[in-house]
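These are the residues of each chain, in order.
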Amino acid sequence: MKATNDNFFDKVYAVVKQIPYGKVTSYGAIAKVLGAARSARMVGWAMNAAHNLEDVPAHRVVNRKGLLTGKHHFDGTNLMQQLLESEGIIIENNQIINFETVFWEPQAEL
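The protein is annotated in an unreviewed UniProt entry as Cysteine methyltransferase from Flavobacterium gilvum.

As structure tokens, then:
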């Protein structure tokens, strides 16, 4: 089963690497584009496992309401928030302001 998880995680990372600077997406949106709409939690596990992968911008993945639910997986007290704010995203009380404006919808590769 580990190989299957690794393969899924690799697919998640491929999507996350496409998120443009200054944009965010959700765990569920990634799961949906991968054809596994009910696997948002598994996308979260992939993001947790990505903390040592410098080329995966895991800070750009938030929950469906724009909450920084994965922030405790980042080193430092507010690193996830700081990374997002450095890209121009405004955050108050662990939630992205104007979430709809900065939300990026992943597209399936044709």
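**Q** Could you give me a rundown of the nonpolar core, with the residues and numbers involved?
**A** Counting residues in hydrophobic clusters, the biggest one holds 20 residues, and the most contacted among them are Val 12, Tyr 13, Val 16 and Met 47. Those elements that place two or more of their residues in this core are helix H1 (2-16), helix H2 (27-33) and helix H3 (40-49). The element contributing the most residues to this core is H1, with 6 residues. Leaving out residues up to four positions away in the same chain, Val 16 has contacts with Ile 30, Met 47, Val 56, Pro 57, Ala 58 and Val 61. Core analysis: the second largest hydrophobic core is formed by 10 residues, Met 80, Ile 89, Ile 96 and Phe 99 among them.

**Q** Give me the lowdown on the environment of Val 12, citing residues and values where you can.
**A** Here Val 12 lies in helix H1. With relative accessibility at 0%, the residue Val 12 sits in the buried group. Filtering out sequence-adjacent residues up to four positions away, Val 12 remains in contact with Ile 30, Leu 34, Val 43, Ala 46 and Met 47.

**Q** Lay out the side chain of Arg 60 with the relevant residues and their values.
**A** Turning to its location among the elements, Arg 60 is positioned in the loop between H3 and strand S2 (61-62). Taking the relative accessible area as the measure of exposure, Arg 60 reaches 11% and is therefore buried. Filtering out sequence-adjacent residues up to four positions away, Arg 60 remains in contact with Ile 19, Pro 20, Tyr 21, Lys 23, Val 24, Thr 25, Leu 84 and Glu 87.

What counts and what doesn't
- Residues numbered from 1 in each chain as written.
- Predicted model: local features only at pLDDT ≥ 70, side-chain atom pairs only at ≥ 80, totals over all residues.
- Heavy atoms only, no water.
- Core = buried A, V, L, I, M, F, W, Y, C linked by side-chain atoms within 4.5 Å.
- Buried < 20%, exposed > 50% of the residue type's maximum accessible area, 1.4 Å probe, protein only.
- Helix = DSSP H or I, 4+ residues; strand = E, 2+ residues; numbered from the N terminus.
- Contact = heavy atoms within 4.5 Å.

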